There are 2 protein chains.
Amino acid sequence: MTPSVSPGRMADAIRFLALDAIERAGDGHPGAPLGCAEIATALFTRHLVCNPADPEWPNRDRFVLSNGHGSMLLYALLHLSGYDGISIEAIRNFRELGSPCHGHPEYAPHLGIEATTGPLGQGIANAVGMAVAEARLAAEFGPDLVDHRTYALVGDGCLQEGVAHEVISLAGHLRLGKLVFLWDDNRITDDGGTELSISEDVRARFQAAQWQVIDADGHDVEAVSAALLLARQDPRPTLIACRTVIGRGLPRLEGQRGAHGGRVFAQDLAEARTARDWDHPAFTVPDDVLAAWREGAGARNRAAYESWRAARAALPPETREAFDRRHDARLPEGWQATLHALRDRLAGTAMASIEVSAEAVARLSEAMPELFSGAPDLEGPTKHKQALPAFTAENRGGRYLHYGIREHAMGAMMNGIVAHRGLIPVGATYLVFSDYMRPPLRMAALMELPVVTVYSHDSIGIGRNGPTHQPVEFLASLRAIPNMLVLRPADAVEAVECWEMALTNRHGPTSLICSRQALPALREGGGANRSARGAYVLADAQGGERRATIVATGSEVAVALAARKVLQAEGVPTAVVSMPSWEAFEAQDPEYRASVIPRGPVRVAVEAAIRQGWDRWIGEDGGFVGMTGFGASGPAEELFRHFGITPEAVAQAVRARLSPSAGH
Amino acid sequence: MTPSVSPGRMADAIRFLALDAIERAGDGHPGAPLGCAEIATALFTRHLVCNPADPEWPNRDRFVLSNGHGSMLLYALLHLSGYDGISIEAIRNFRELGSPCHGHPEYAPHLGIEATTGPLGQGIANAVGMAVAEARLAAEFGPDLVDHRTYALVGDGCLQEGVAHEVISLAGHLRLGKLVFLWDDNRITDDGGTELSISEDVRARFQAAQWQVIDADGHDVEAVSAALLLARQDPRPTLIACRTVIGRGLPRLEGQRGAHGGRVFAQDLAEARTARDWDHPAFTVPDDVLAAWREGAGARNRAAYESWRAARAALPPETREAFDRRHDARLPEGWQATLHALRDRLAGTAMASIEVSAEAVARLSEAMPELFSGAPDLEGPTKHKQALPAFTAENRGGRYLHYGIREHAMGAMMNGIVAHRGLIPVGATYLVFSDYMRPPLRMAALMELPVVTVYSHDSIGIGRNGPTHQPVEFLASLRAIPNMLVLRPADAVEAVECWEMALTNRHGPTSLICSRQALPALREGGGANRSARGAYVLADAQGGERRATIVATGSEVAVALAARKVLQAEGVPTAVVSMPSWEAFEAQDPEYRASVIPRGPVRVAVEAAIRQGWDRWIGEDGGFVGMTGFGASGPAEELFRHFGITPEAVAQAVRARLSPSAGH
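Residues numbered from 1 in each chain as written. Chains lettered and ligands numbered in written order. Predicted model: local features only at pLDDT ≥ 70, side-chain atom pairs only at ≥ 80, totals over all residues. Heavy atoms only, no water.

Engineer: What is the right way to look at helix α22 (residues 556-569) of chain B in this model?
Structural biologist: An α-helical turn contains 3.6 residues, so any two residues separated by three or four positions project in the same direction. Residue and element names in this part refer to chain B. With 14 residues, α22 extends 20 Å between its outermost C-alpha atoms, agreeing within 8% with the 20 Å of an ideal straight helix rising 1.5 Å per residue. Taken together, the buried positions of α22 are E556, V557, V559, A560, A563, R564, L567 and Q568. Tucked into the core, α22 has its buried residues touching β16 (536-539), β17 (548-552), β18 (574-578), β19 (602-606), α26 (636-642) and α27 (647-655). Backbone geometry just after α22 places G571 at a positive phi near 90 degrees. (Helix = DSSP H or I, 4+ residues; strand = E, 2+ residues; numbered from the N terminus. Expected span 1.5 Å × (residues − 1). Buried < 20%, exposed > 50% of the residue type's maximum accessible area, 1.4 Å probe, protein only. Contact = heavy atoms within 4.5 Å.)

This is the structure in structure tokens:
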């Protein structure tokens, strides 16, 4: 610390960078940057362990701004701390196209931004995932390499969202003692006072979930700092309830509802400068204040950084390489061989694709220590735990997390685990429950995080559990998410190939859609990964030029093959295309696509789901055999007949489209 | 009560109906029906006010089986209580296609089934919505007509889901004193003991949220009954924590993990019959037990029912008609005139469609006392509160609910409000937050509930808040939900027309998609509702036969019109089709559809969203101008240029598809 600069002035440096930028943009949220300036100053200049010159230092403390609308707080902090990427110019261009200072923070670890935040509740859930990753990696690599804390700044909005309680409950259960939430308790939401919508004793709620709770005056840097010290001395995760005044320092809006996202004008700035005795020009940080920030947020941690580097350098080469590989998210040698062996072993076996995926995870877990699996209370039906030891408060070396009945938490925590680096999370649940985790799935796609989610129970094929549990619109709704790779394998070989695709997909999430029911074996082992091209001719037309193409995915590929048999017998040369992935097929060159699904022959698709989007592949005149609404409760075979998803229906859809001249 | 039949035998009647049905189906969840048999007996035979002979009696107590996998508990209860629709034959056919005894309960108030449940957490949130509806209607119609309780049976899964905390917190805040959750505290989930995933003090959590908490032995009918009496004497909602043994009465599985959803065999039934001394054949309820049930669950309430009927009969005719109309969910006379007047007043005005919707809600609220609005902490941006008084613990006559930052709760509570009957809920939020409430949106569609959700901030048109808040895949993902009516109006007139469509849609939910930014006026007032046909020719081709059709929705209709101007000037007769609703257009006859979007002319669509599904309307060779990925942070006009959603891009997409012979 530079004693000549008061903490109050250091906090005011945040305030005025934020106010200048928000006024200039004509848009933004002043409430949080102003209300949390002292909290952030306490954390960044006295506690947070980081190195602005090496933003991605693996052992840095993680800080997540969960109330992401307060983005200028983060940009101001990063600039003041010395992160080069957040220059004064970048801050001047806050919310302009091309500036790294986006409206809400966007994941950019090289700039010091640990997660994209804004949709409330996501950031704290990411932070819980990061804390899990830290605990797991510390157990594996030891405290010299991995020993850091995870902090999240959180507003009332984050805490009211349901996902918050899921992760609060789970973090307490897991005793994530290095996790700290700093609650901006300003008693104001966008609608007005929090008394409009909540009467809850938030402190008691956290205590019920086995957290330590500490109160602090959020505008007293010393008090917050003391609370942060206390947080270190308790084995439980800690909530620091910081009583604050929203928009503090902006006379017109301070403590008011309008401070949350209200417009800031030049007159406001003038009043604020007078009120806080801050007579520096816009976007200007006085030298002494900047020096104090650079000292507090940068130099303070030099020894810790150097000591970590020395520890890493002293590692045996193979351990160092293993650690670097994990941090760089490089896959280990031989992972593909593991899958190829599995493929060849399972070729010819009729199996549920969820069981194939479970086998893949089991084998990959042997070859890849970074695999970290879990399921929300569906260990049995997804079979994805098998022999993996559980990650618990007592066993940090575990490889499988019992998420409880908390899909949303799983999705958002997996994002945090990937963003932390070092582990590859795999989550397994039922396809219908993907709706519960849709916000984090979208965030994974936006952040380009390679999260793998495996879904079982993918259609009416589940039978008697009925329409609540039978997905019909989920393939369409997952395919709709930009940058989401959706895979639906047709048999055991394809399922293993899809796992290879999932791990190869390093710049976005993968949804692997599996059946509960057994799928017949359709492919032989060996050879190239045919699924990787998205679609391929599984059975070619025989006895003449192709007159029809039946395109299918997953369990309906067998239906397509049966229909082909009927049509071939009728003298109609018919090809069957298996199409495990629209996105991968879209990425192929047009010639390949045209060779697989040419436009001349009749085109019919079959998928036990709605048609939406299929016209892209079969044209508006193509036939579609699938679902038009929700499913029903009954035995699976009966349901396929009831909804008309049968070889005969497919054959008929083809026949109806053959030109009249075609004899049969 | 019939004193000769013990409560234990009455509970065993539930057990054996459930076991016989589950064994026969070869599938089902025995754990909850067996574990909750005494809880249900206490509630149904001593406390629940209902009339099996008139299942939809408006003033009945509501009972929601939130742990819907235990569906046989509900079917057994309804059969024993005397609901005709759930016959022994229906129970014998549990989980067979066509039986009302579906795998999970499916909304059927005429059978006594108040909500479709299964996806965990939804049922309790429905129940909270029902309790809100009761309180609101009691304030309006008085306690002689509306004065009932709402009960939900809830398992650990429901309580772990995030939506649970949202509604627990809100129910406590609203002091819904007639709401009771009966918690099946069996300490077992599908994965095993609850200690695998939770260490929370659930009782303290509810107390923190301002609930009364009572403990009871869940296998002691007297204890549960006493707790239910205590629940009535407290102004807070009540949690009765019922300690139970899962699968109680099934020796092999009792208290075990496998009891939750494990298979039941003939041998199990034999052992259970011996253990419980129940020597009656399968699907047979002894006469004395059945008589006791019919007395306890039916005759017990005869006086209450008759007294309610007398009160209703004594009402002035207009009050009675108003009450009946509301309960029957009939719209009032003149509601359309209100909208037509608004349409004609706003025609010619450039406005954000969210503001038009806000105006519509304000005017409709005057004409329709049943309108009950709310927004999750977005009163300001959605403008949907206006002069409506808030519904609070103190003011039960309020018309607007501050849901807090709890979208999931809003969605699921609205389902409960509709299922209760008497109110029409309207929820307003941002389109990206629809992902947070996707599970209840799906349930509304499945239950065919006419819930209206209004979404603002519908595209990159929101500008600087960036990609987290810019929907690109949401039109596709909402259109994917079967039975969901999706509306995206292009100007003020269309927005009012869409409101008319939303209220006309009585058998499914409506998503009304609105812009934050002002939309230019495109239509005149008066005349028929053109939006109602889904799509229509807004500007016809001039100067010759139509050579191009540009189809657009919402804010992009203006872009299409500008492109048309360019093309017309180039001598290309071009029509613009406004398409506020795919679903409504799909429902038109083929001739109309072909007249609006004929296949001959070039077809180009423009929508600031992804293409998925558009090929259905423009063919695979049609042009599409829209988004291919996520948005960005910057001024809105710049973003439209940046992503190429401009009149020039649309015109170019048309030109590129005109046949070479076409001169221009």
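Engineer: How should I be thinking about the packing of aromatic side chains in this particular structure?
Structural biologist: Using the criterion set out here, one finds 36 aromatic pairs over all chains in the structure. Considering the side-chain rings of W582 of chain A and W617 of chain A, the 6.2 Å spacing of their centres and the 65 degrees angle between planes classify their relative orientation as edge-to-face. With W582 of chain A in helix α23 (residues 582-586) and W617 of chain A in helix α25 (residues 615-618), this residue pair connects regions lying 35 residues apart in the sequence. On the accessibility criterion, W617 of chain A (5% relative accessible area) is buried. Here the aromatic residues W582, F585, Y592, W614, W617 and F624 of chain A are joined through ring pairs into a cluster of three or more. Directly above the ring of W582 of chain B sits R479 of chain B, whose terminal nitrogen or CZ lies 3.9 Å from the centroid. Positioned over the ring face of W617 of chain B is R616 of chain B, at 4.4 Å from the centre of the ring. (Phe/Tyr/Trp six-rings, centres within 6.5 Å; stacked < 30°, edge-to-face > 60°. Lys NZ or Arg CZ within 6 Å of the ring centre and 35° of its normal.)

Engineer: Would you take a moment to explain the environment of S555 of chain B for this structure?
Structural biologist: Residues and elements named next belong to chain B. In this fold, S555 is placed in the loop between β17 and α22. Considering only alpha carbons, one finds S555 and A608, 53 residues apart in sequence, at a separation of 8.2 Å. Only 2.6 Å separates the side chain of S555 from the side chain of E556, close enough to count as a polar contact. (Polar contact = N/O pair within 3.5 Å; in protein donor to acceptor, adjacent residues only side chain to side chain.)

Engineer: Help me understand the environment of R252 of chain A, please; the structure alone is not making it clear to me.
Structural biologist: All names here are of chain A. Take R252: it is sitting in the loop between β7 (238-243) and α11 (266-276). With relative accessibility at 42%, the residue R252 sits in the partly exposed group. Residues contacting R252, with those up to four places away along its chain left out, are R263, F265, D268 and E271. Side-chain polar atoms of R252 contact the backbone oxygen of R263, separated by 3.1 Å.

Engineer: Is there a simple way to think about unusual backbone geometry in this case?
Structural biologist: Negative phi values dominate among residues other than glycine, just as trans dominates among peptide bonds. Residue and element names in this part refer to chain A. The backbone phi angle of F283 is positive, close to 55 degrees, even though this residue is not glycine. Turning to its location among the elements, F283 is positioned in the loop between α11 and α12 (287-297). Overall, the relative accessible area of 10% leaves F283 in the buried class. Although it is not a glycine, H457 adopts a positive phi angle of roughly 60 degrees. What makes H457 buried here is its relative accessible area of 5%.

Engineer: Help me understand the confidence of the model for chain A, please; the structure alone is not making it clear to me.
Structural biologist: The predicted coordinates ought not to be read in detail in places where the model reports low pLDDT. Here chain A shows a mean pLDDT of 97. Residues at 70 or above account for 99%. Our summary of model confidence lists the complex with pTM equal to 0.98 and ipTM equal to 0.97. (pLDDT = per-residue confidence, 0-100.)

Engineer: Even after reading the chapter, I still don't get the interface of chain B and chain A, so can you show me in this structure?
Structural biologist: Many structure descriptions define interface size as the accessible area lost when the parts assemble. Contacts between the two partners involve 101 residues from chain B and, on the opposite side, 101 residues from chain A. Interface area for chain B against chain A, summed over the two sides, is near 8400 Å², with a carbon-plus-sulfur share of 50%. If you sort the residues of chain B by the area they bury against chain A, L97, R442 and R464 of chain B come out on top, with a joint share of 9%. The interface formed by chain B and chain A includes 73 residue pairs in polar contact (both at pLDDT 80 or more). In terms of residue count, the dominant contributor to the side of chain B that touches chain A is helix α8 (residues 162-173) of chain B (7 residues). (Buried area = accessible area lost by both parts, 1.4 Å probe.)

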